[in-house]
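Take a look at the letters that make up each chain.
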Amino acid sequence: MAAGNDVVKYLTQKIVKYLDEPKSVRKERKRTRKNEKEPLLTYLFGVLPMSLGLMFRKKRKNK
């Protein structure tokens, strides 16, 4: 049962640390994390859909 207590203690510490931070710091961290994320299609399927999309987009602009 000690392992369960350790998990609860860890989660409680993380939550308290999060709540003690100013709201502006939390918003800034969320904004930077969102900007660093790669697009969903690239994340799920790799580079192939991205390259196909760029190729078709280029063809549409040329017409």
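Residues numbered from 1 in each chain as written. Predicted model: local features only at pLDDT ≥ 70, side-chain atom pairs only at ≥ 80, totals over all residues. Heavy atoms only, no water.

(A) Local environment of a nonpolar patch on the surface. Residues Val7, Tyr10, Leu11, Ile15, Tyr18 and Leu19 make up a contiguous nonpolar surface patch of roughly 620 Å² in combined accessible area. Among the structural elements, Ile15 can be located in helix α1 (residues 2-20). (Patch = residues over 30% accessible without salt bridge, like charges linked within 9 Å, V, L, I, M, F, W, Y side chains within 5 Å. Areas by Shrake-Rupley, 256 points an atom, 1.4 Å probe, with all protein chains shown as cover. Salt bridge = Lys/Arg side-chain N within 4 Å of Asp/Glu carboxyl O. Helix = DSSP H or I, 4+ residues; strand = E, 2+ residues; numbered from the N terminus.)

(B) Just helix α2 (residues 23-36), in detail. Between its first and last C-alpha, α2 extends 20 Å over 14 residues, near the 20 Å set by a 1.5 Å rise per residue. Of all 14 residues in α2, zero are buried, a share of ten percent or less. (Expected span 1.5 Å × (residues − 1). Buried < 20%, exposed > 50% of the residue type's maximum accessible area, 1.4 Å probe, protein only.)

(C) Region of interest: the packing of aromatic side chains. Applying the stated criterion to the full structure yields zero aromatic pairs. Stacked on the ring of Tyr18, the Lys or Arg Arg26 has its end atom at 5.1 Å from the ring centre. (Phe/Tyr/Trp six-rings, centres within 6.5 Å; stacked < 30°, edge-to-face > 60°. Lys NZ or Arg CZ within 6 Å of the ring centre and 35° of its normal.)

(D) Looking closely at the pattern of salt bridges. Following the criterion strictly, the structure yields two salt bridges and no others. Between Glu21 and Arg29 there is a salt bridge, with its nearest N and O atoms 2.6 Å apart. Judged by its relative accessible area of 33%, Arg29 falls in the partly exposed class. We note a salt bridge from Glu28 to Arg31, for which the minimum N-O separation is 2.8 Å. Placement of the pair is Glu28 and Arg31 together in helix α2, with a separation of three residues, close to one helical turn. Overall, the relative accessible area of 40% leaves Glu28 in the partly exposed class.

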